[in-house]
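For reference, the chains in residue letters:
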Amino acid sequence: MGEAPAAVELRGISKSFPGVLANDEVSLVVRRGEVHCLLGENGAGKSTLMNVLAGVHRPDEGEIRVAGRRVTIGCPRDAIDLGIGMVHQHSSLIAVFTVLENLLLGRGEGLRLKTGEALAALEEFSALLGVAVDPWVQVGRLSLGEQQQLEIIRALWRGSRVLILDEPTSMLTPKGVEDLQRVLAQLTRQGLAVIFITHKLREAFDIGDRVSVLRRGRLAGTIDEATMRGGTFAELKQMVVELMFPGEAARLARVAEIRGFEGPARRSRRPAAGPPLLELSDVLIPGARGEVGIDEPLSLAVHAGEVVGVAGVDGNGQRPLAEGIAGQRRAAAGDIRLAGTTVRALSIGARQRLGLRYVTDDRLGEGVAPPLSVALNLVSKRIGAPPFWVHGRTKKAAIERHARALVEEYDIMTPTLDTPAGSLSGGTLQKIVVARELSFSPKVVVFNKPTHGLDVKTTAMVRDRIGRLVEGGEAGALVISTDLEELLELCDRVAVLSRGRLMGVVENVPGAEQEIGALMIGGGDE
Amino acid sequence: MSSLLTSEFLAALLSGAVIAGAPLLFAALGETVSEQGGVLNIGLEGMMLFGAYGGFVVAHWTGSSWIGFLAAIVAGLLVALLMVVFCVRMGRDQIVVGIAILLAVEGLTSLLHAAQFGTSYPRLGAVPTVRVPWLADVPVVGPSLFGQPAIVYIGIALVVVVWWVLSRTNPGLHLRAAGWKPAALDNAGVDVLRVRTVAVLVTGALAGLGGGYMAIVVAGVFVPFMTGGMGFIAIVIAMLGRGRPLWVAVGAFLFGIALSSATSLQLAGVNVPTDVVQMLPFVTVILALIIFARQSYLPSALATPYVRGRR
Amino acid sequence: MSEPETRVASPPPAASVKVLSGVWRGLGPIVYALVAGGVLLLLMGRDPIGFYATTIESGLLSQTGLEQSIIRMAPLLLMSAGLIVAFQAGLWNIGGDGQFLIAAAVVAGLGAPLVGVLPYSLALALLCVIGFVAGAAWTIVPSVLKAWYGVNEIITTLMVGFIGIRLANLLIKGPFLSDRSLVPQTDVIPFKYLLPYLPGTRIHLGIVVALAVLAAVHYMQTRTSYGLSLRMLGASPKAAAHAGLDVKRDIVTAFGLSGGLIGLAAAVEVLGVWGYVRADWNPAFGLTLFALVFLARLNVKLVIPLVGFFAVLSIGGHEAARRAGLPNDFLLLLIGLILFFMVFTEWARTKGWTAGMRLRAAGRTSQREAALDE
Ligand SMILES: Nc1ncnc2c1ncn2[C@@H]1O[C@H](COP(=O)(O)OP(=O)(O)OP(=O)(O)O)[C@@H](O)[C@H]1O
Ligand SMILES: [Mg+2]
């Protein structure tokens, strides 16, 4: 195939942040009509590079060419005017605004709101993408998939010729990913260039025409179209992993495998689980404003030595469930027992002291206190407890010893123990959170989206830890995830949650995925 | 007590409420604008005070209350410029800068006043009132509500204007976006700092006008520290109004009633200590907060400086 | 070097440089503000050198001036301690003046009857406790509204603060009104019942109390689990709740401690200096201290010199302003200017820092190029 002309070209882009060289002379060509996938571990600099293109960051060095012309992109407006649209890793929709208002942002010069035009555009692009979005509803009430679609519609309406999608699939169901793939095919046929960032190798090969890998801020390599077409999955996987983690490919081979090249690896069933550690009976946990709660009585048990999964599309009551168990919300009815003790009326701290742990999905928002040091964040759930505090007095040495041990054990990449946690990457934060929750012999750990947004390696580490937690038969785990493969890999049983209702619990035996899928769809029918 | 409900009492009360409420209305409308845009102006009082000073001095020189009002607006803008430079452009802490503004303006106006007038306090003539035809003839409410200086009607018109801009126009949409999620606005290609700059300047102009009104219409004289906490009351009104100009107007009027009722009560022969009367509006709001126990929904990015690409 | 290291670690600056730049960070804004204020004085036809000389002379160098400055520091330091506790926990207690006046009125009002009947030290101790409790009580409404209903405490402390100022007046004009005075005020606590002087001086005990309290607050902040709970709360309320801390309790106690220390400041001022409170008295320390505490970045060790500076400025500046025929409020302007300059230098520093990083990154790149050339 003849080379299509370049839509954008990055030459020698460097960008540094205090203490970090996030992009180091990266050069990248994206051609018209292609989906170009960008891979790399957490903190590799993928988002930074794309933000340079979208006008969020100014590069320290390097030049950008759009359609062959050298350009300066000083602000997001410049990027939009050049036809570069970006759907950011973190949503740039305003939840309290309506769909229409979100579309209208930045769309008019004068006083008047171009409501009519926005409605027409919404209709046109909804038809193109084959979706339906109500213009008058508040964005906060849309599902994450719908929000993603809205962002794409908005980028298209702004006349984007280059569309950047930064981890768009992290919140989508397999079906959503398929839809997105269809849409992208449609768009590239019209000559759009798409840059697609993901952590899932499988997706990269399914969706991408070419794949580039960033490693520690530098371009490690690009796999061209011919190779992509000619190579088998196994070969391509080998190449990418070698680019991402040079020298570690052998060690990570198993990991890449479980990412879905040869079908999910299934947890081998343990013969018999121990006594029940966490029992929910007929609990109701109301949602916050505009959020789906656990609205129908839910009963579920986690036994010692067992991993129970909770499957479902995000926003179907997962967070109320997790927070209700952890004590961050009150259950309106029903009973929650921890190793036989009723904890429904107990505080968060009291439940922790009974051995309940909660790995939150909101790492930066509540998982850590961003300005506090790594060391303090590693003991923040034991404030006041020995050996770190004796009669309320801080034992600094004990804290540091413990923190240093965890940093080593979990390979937490931090410059020092005193570094503020907020300055670390998402993957590192998750390691801190997991390390903290798994120390001091927990009985039951609730994981909420434990590997969301994590790179292959960190994902493997976290999953490995979950497996090791229950191995001894002393503890149990409840894993809430939107990633079905993850659940199949980890769990003994999988409960399916839909619209705040427990649709059923499936034993993880061959064929379970069909049954789970059916339960999820069954919930959707209502 | 029988005279408490006489028409004179009511007329005095309403008229006093409008007079005392108008500066609150201007300032609180202004604060509403910047709060919706994500800037908390703790220095509002400073803007009012400088407006009062500038308005008074110019009105004193020129003998024209209108030029005085213009000067008050300019004075408010000047102070707001500090807020723009330090908070919007440099991204510094809004509360610290607000307090700095207040302290500096208090000191500066007091100093300037002393340098110009020593310890004398020259007075301005009364500002002419404008009677709205027909309406002003309605008994009791007529003269008090529709026989006010023209600037009061401008204030009422501004309520409608601010409401319209906030809810029906592009700048209003952008302003609210700057208050709720500035990064989203920026990514949509709108310059957040520019939106916030304009918002803060509008606040300065309105607060300056409110202060000018206090000096030119209400007092007819400039006294150091004369705003006496009105700026803070305006902030409270704006926060309770949650970005809805009509509620801001109602709040300003209610606080106006409370502030003026001491004099009206005295007119009616009832002697309530001023301390009690001046406490009442705050007590009422606190009681309301306790009873309804409502969260105040403030824009989520309020008081957070915006720096593109920072996380 | 086969593969360039991409993480750039900034080399630690030499200790002496660090100390010097730290000192300048604190002093710079003050110097700039004094210069700017001096220019203003010049413009107004006053002699700035003379003005500042008088300030230092009568606030620091003269025996009585120094003593007065130290006496002034006592309530200021205690109030700062109160503000630090609240701010550290992320609670904006802007109603300090209300808490101060309520406590002052209660202490003065109960003081005169109490000192006569109780033994001397017991009476003083009890009155300090009363001041503490009164100040703490005045935070209950904002703290409960904040803890249980999430009502923004900026609004509530402001409003309750205004109410406090008025209520203090009502107390003084009502139950505590002295019938021995023409102006409305409380009964006067006889001089011999006031706080004792430090040996050999005319400085009352308050300063010692204040320093001890500050030391305790510092210890609490840095060395106790309670201090960490408050820091957690200030850093991220959601993270604090997630960590299982009793957030409601922490809000209420931090607010109470804050108001209590401010009340103690009032008690010390009344029992150390005045012996009574007059209606409409309001030293309005709140906002200025708010600013100073920020200037010190909530750090107790920096608060002490800053408050000392402010005390000298307010005692000596008073005299200087009197001699120059200027209103006392010139000091407010100076404080305002200091804050502006502080904010500005901070900004300039962050700018310089990032520029430095860029340079270093660029340097590294050329280094690599050199390596590649070989
Ligand atoms: N605004 C910022 N300020 C400071 N450091 C930043 C900023 N943005 C990114 N970094 C740092 O730059 C590096 C690259 O970050 P970036 O977000 O580009 O990584 P990424 O490849 O997108 O990772 P992920 O897969 O986790 O999204 C990281 O070390 C990160 O901590
Ligand atoms: Mg990223």
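Residues numbered from 1 in each chain as written. Chains lettered and ligands numbered in written order. Predicted model: local features only at pLDDT ≥ 70, side-chain atom pairs only at ≥ 80, totals over all residues. Heavy atoms only, no water.

1. Description of the overall build of chain C
The cut-off we apply is this: Secondary structure follows DSSP: runs of H or I at least 4 residues long count as helices, runs of E at least 2 residues long count as strands, and numbering of each begins at the N terminus. Burial classes: relative accessible area under 20% of the type maximum marks a residue as buried, over 50% as exposed, and values in between as partly exposed (1.4 Å probe, protein chains only). Whether two residues are in contact is decided by their heavy atoms, any of which lying within 4.5 Å being enough. Every accessible area reported is derived by Shrake-Rupley at a probe size of 1.4 Å, with residue values counting cover from the shown protein chains alone.
Along its length, chain C carries 14 helices and zero strands. Out of the 374 residues in chain C, the part that is buried amounts to 54%. The long-range share in chain C, meaning contacts at least 24 apart out of those at least 6 apart in sequence, stands at 76%. Of the roughly 16000 Å² of accessible surface on chain C, a fraction of 67% belongs to carbon and sulfur atoms.

2. Considerations on the overall build of chain A
Spelled out, the test is: It is over C-alpha atoms that the radius of gyration is taken, and the globule rule equals 2.2 Å times the number of residues to the power 0.38. Just so you know, the count uses Lys and Arg for positive and Asp and Glu for negative, and it drops His and the chain ends. All charge positions are set by atom: Lys at NZ, Arg at CZ, Asp at CG, Glu at CD.
Scanning chain A from terminus to terminus reveals 19 helices and 22 strands. Since a compact globule built from 526 residues should have a radius of gyration of about 24 Å, the 24 Å found for chain A is in line with a globular shape. Each principal axis of the C-alpha atoms in chain A carries an extent, and together these give about 70 × 50 × 50 Å. Counting every position in chain A, which comprises 526 residues, the buried fraction comes to 57%. Looking at chain A, you have 63 positive and 65 negative side-chain charges, and the mean spots of the two groups are 5 Å apart.

3. Quick word on empty space enclosed by the protein
How we decide: Only protein atoms enter the 1 Å grid used here, on which a cavity is any set of points holding a 1.4 Å probe that cannot leave and a pocket is any open set flanked by protein within 12 Å on both sides along at least five of seven lines; residues with an atom within 4 Å of a point are listed as lining. Grid points are joined across faces, edges and corners, and a volume is the space filled by probe spheres set on the points.
Under the criterion given, the structure shown has three cavities of 30 Å³ or more. Size it by volume and the largest cavity reaches roughly 140 Å³. Surrounding the largest cavity, 15 residues form its lining, G85, M86, H88 and R158 of chain A together with N187 of chain B being those nearest its centre. Where the lining of the largest cavity is concerned, the elements lending two or more residues are α2 (76-81), β6 (84-87) and α5 (144-157) of chain A. Among the elements that line the lining of the largest cavity, the one with the most residues is β6 of chain A, at four residues.

4. Regarding the confidence of the model for chain C
All names here are of chain C. Convention followed: Values of pLDDT, the confidence the predictor places in each residue, fall between 0 and 100.
With 89% of its residues at a pLDDT of at least 70, chain C reaches an overall mean of 87. Note that pLDDT drops below 50 for residues 1-11; the model gives that stretch 16 contacts with residues more than four away or on any other chain. In this model residues 353-374 is a low-confidence stretch, pLDDT under 50, and it forms 24 contacts with partners more than four residues away in sequence or in other chains. Two summary scores accompany this predicted model of the complex, namely pTM at 0.89 and ipTM at 0.90.

5. Concerning the coordination of the magnesium ion (ligand 2)
All names here are of chain A. Operational definition: Metal donors: N, O and S atoms at distances within 2.8 Å, or within 3.2 Å for Na, K and Ca, with water omitted from the atom set so that some sites may seem incomplete.
Summarising the metal site, the magnesium ion (ligand 2) is bound by the protein donors S47 (OG) and Q89 (OE1), whose distances to it range over 1.9 to 2.2 Å. Highlighted residues: S47 in helix α1 (residues 46-53) and Q89 in the loop between β6 and α3 (99-104), separated in sequence by 42 residues. Since its relative accessible area comes to 34%, Q89 is described here as partly exposed.

6. A few points about the interface of chain B and chain C
Worth spelling out the cut-off: Once two parts are joined, some of their accessible surface, as seen by a 1.4 Å probe, is lost; buried area is that loss totalled over both. The term salt bridge refers to a pairing of a side-chain nitrogen on Lys or Arg with a carboxyl oxygen on Asp or Glu at a separation within 4 Å. Two N or O atoms count as a polar contact when they lie within 3.5 Å, although within protein this holds only if one can serve as hydrogen donor and the other as acceptor, and sequence-adjacent residues are included solely when both atoms are side-chain atoms. For this classification, Asp, Glu, Lys and Arg are treated as charged, while Ala, Val, Leu, Ile, Met, Phe, Trp, Tyr, Cys and Pro are nonpolar and the rest, including Gly, are polar.
With 45 residues of chain B at the contact, the number on the chain C side is 44 residues. Three residues stand out in chain B for area buried against chain C, namely L103, L111 and D275 of chain B, and they jointly supply 16% of the buried area on that side. Counting every contact that joins chain B to chain C gives three salt bridges. At the boundary of chain B and chain C, one finds four residue pairs in polar contact (both at pLDDT 80 or more). At the level of secondary structure, the elements contributing two or more residues to the side of chain B that touches chain C comprise α3 (65-89), α4 (94-117), α10 (230-241) and α12 (274-292) of chain B. Sorting elements by how many residues they give to the side of chain B that touches chain C places α4 of chain B first, with 16 residues. When its residues are assigned to classes, the side of chain B that touches chain C shows 34 nonpolar, six polar and five charged.

7. A look at the pattern of salt bridges
Between side chains of opposite charge, pairing is possible as soon as their charged atoms come close. Scanning the entire structure with this criterion turns up 38 salt bridges over all chains. Salt-bridge contacts for D275 of chain B lead to R166 of chain C; the nearest nitrogen and oxygen are separated by 3.9 Å. In this pair, D275 of chain B is assigned in helix α12 and R166 of chain C in helix α7 (residues 153-173), connecting two distinct chains. Within the structure, one salt-bridge network assembled from shared partners comprises D314, R319, E323, R329, D361 and K449 of chain A.

8. Thoughts on the packing of helix α1 (residues 7-36) of chain B against α10 of chain B
Residue and element names in this part refer to chain B. The condition is simple: Angles shown run from 0 to 180 degrees and are taken between the N-to-C directions of axes, each axis being a line fitted to C-alpha atoms and, for helices, limited to the stretch in contact. Should an angle fall under 35 degrees it is taken as roughly parallel, and over 145 as roughly antiparallel, whereas 65 to 115 is taken as roughly perpendicular and any remaining angle as oblique. Each crossing is labelled by how the near helix is turned from the far one, with a counterclockwise turn of less than a right angle marking it left-handed and a clockwise turn marking it right-handed.
The contact between α1 and α10 brings their axes to 8 Å, and the two run at 55°. Here α1 is positioned oblique relative to α10, judged by the angle of their axes. As α1 packs across α10, the resulting crossing turns out to be right-handed. Contact with α1, carried on its side by A20, P23, L24, A27, A28, E31, T32 and E35, involves M230, I233, A234, I235, I237, A238 and M239 of α10 and no other residues of that element. Considering only residue class, the contact of α1 with α10 consists of twelve nonpolar, one polar and two charged.

9. Examining the packing of helix α3 (residues 63-88) of chain C against helix α8 (residues 206-223) of chain C
All names here are of chain C. Between α3 and α8, whose axes approach to 8 Å, the crossing angle comes to 20°. For the element pair α3 / α8, the angle class is roughly parallel. In the packing of α3 onto α8, the handedness of the crossing is left-handed. Taking contact as the criterion, the partners of I70, M73, A74, L77, L78, A81, I84, V85 and Q88 in α3 are, on α8, G206, I207, A210, L211, V213, L214, V217 and Q221.

10. Things to note about the sheet that holds strand β22 (residues 501-507) of chain A
Within a sheet, each strand pairs with its neighbour through backbone hydrogen bonds, oriented either parallel or antiparallel. Residue and element names in this part refer to chain A. The cut-off we apply is this: In this description, strands pair whenever DSSP reports at least two bridges between them.
Pairing is mixed across the open sheet formed by six strands, whose spatial order is β16-β19-β20-β13-β21-β22. The sheet is open, and its two borders are formed by β16 (356-359) and β22, each paired with just one other strand. Here the strands of the sheet are splayed against their neighbours by 15° on average, with no regard to which way each runs. Where strand β19 (residues 444-448) lies against strand β20 (residues 476-480), five bridges are found, and the strand directions are parallel. The partner of F447 across the bridge, within β20, is V479. Across the sheet, helix α11 (residues 318-326) is in contact with β13 (307-311), β16, β19, β20 and β21 (493-498); its angle to β16 comes to roughly 150°.

11. Considerations on the nonpolar core
Note the following rule: As used here, the term nonpolar core means buried Ala, Val, Leu, Ile, Met, Phe, Trp, Tyr and Cys residues forming a set that is joined through side-chain atoms within 4.5 Å.
Counting 319 residues, the largest nonpolar core has V211, V240, L378 and F447 of chain A, I42 and I99 of chain B together with M232 of chain C as its most contacted members. When neighbours within four sequence positions are excluded, V211 of chain A is seen to be in contact with H36, C37, L39, A204, F205, G221, T222, I223, M228 and V240 of chain A. Formed by 28 residues, the second largest nonpolar core is a distinct cluster that contains L278, L298, V310 and V446 of chain A.

12. Quick word on the sheet that holds strand β2 (residues 20-31) of chain A
All names here are of chain A. Overall, antiparallel pairing links the four strands, which are arranged β2-β1-β4-β5 in an open sheet. Each of the sheet's edge strands pairs with one partner strand only, and the pair in question is β2 and β5 (69-71). With strand direction ignored, the average angle separating the axes of adjacent strands in the sheet is 25°. In this sheet, β2 lies alongside strand β1 (residues 6-17) in antiparallel orientation, the contact comprising eight bridges. Each residue of the ladder has a partner; that of S16, found in β2, is L21. The strands touched by α1 are β1, β2 and β4 (61-66); relative to β1, the strand with the most contacts, the crossing angle is about 120°.

13. Considering the side chain of S69 of chain C
Mapped onto the elements of the fold, S69 of chain C is located in helix α3. Ignoring sequence-local partners within four residues, the contact set of S69 of chain C consists of G59, A311, V312 and I315 of chain C.

14. Details of the packing of aromatic side chains
Describing an aromatic ring pair means giving the distance of the ring centres and the angle of the ring planes. Basically, it comes down to this: By convention, a stacked pair of Phe, Tyr or Trp rings (six-membered ring in the case of Trp) has centres within 6.5 Å and planes under 30 degrees apart, an edge-to-face pair has planes over 60 apart, and any other such pair is tilted. Only when the NZ of Lys or the CZ of Arg is both within 6 Å of the ring centre and within 35 degrees of the ring normal is a charge said to sit over the ring.
By the definition in use, this model includes 25 aromatic pairs over all chains. Considering the side-chain rings of F56 of chain B and F222 of chain B, the 6.5 Å spacing of their centres and the 35° angle between planes classify their relative orientation as tilted. Of this pair, F56 of chain B sits in helix α2 (residues 44-62) while F222 of chain B is found in the loop between α9 (192-219) and α10, placing the two residues 166 residues apart along the sequence. The class of F222 of chain B is buried, set by a relative accessible area of 0%. Note on F100 of chain C and W281 of chain C: the rings are 6.1 Å apart at their centroids and 45° apart in plane angle, and the pair reads as tilted. With F100 of chain C in helix α4 (residues 96-117) and W281 of chain C in the loop between α11 (247-274) and α12 (286-295), this residue pair connects regions lying 181 residues apart in the sequence. Here the aromatic cluster, defined as three or more aromatic residues joined through ring pairs, consists of F50, Y53, F56, F117 and F222 of chain B. Over the ring of Y410 of chain A we find R465 of chain A; its NZ or CZ atom is 4.0 Å from the centre of that ring. Residue placement shows R176 of chain B over the ring face of F97 of chain A; its charged tip is 5.1 Å from the ring centre.

15. Comments concerning the confidence of the model for chain A
Across chain A, the average pLDDT comes to 88, with 94% of residues at 70 or higher. Note on residues 256-263 of chain A: pLDDT is under 50 here. Beyond four places in sequence and across chains, it has 23 contacts.

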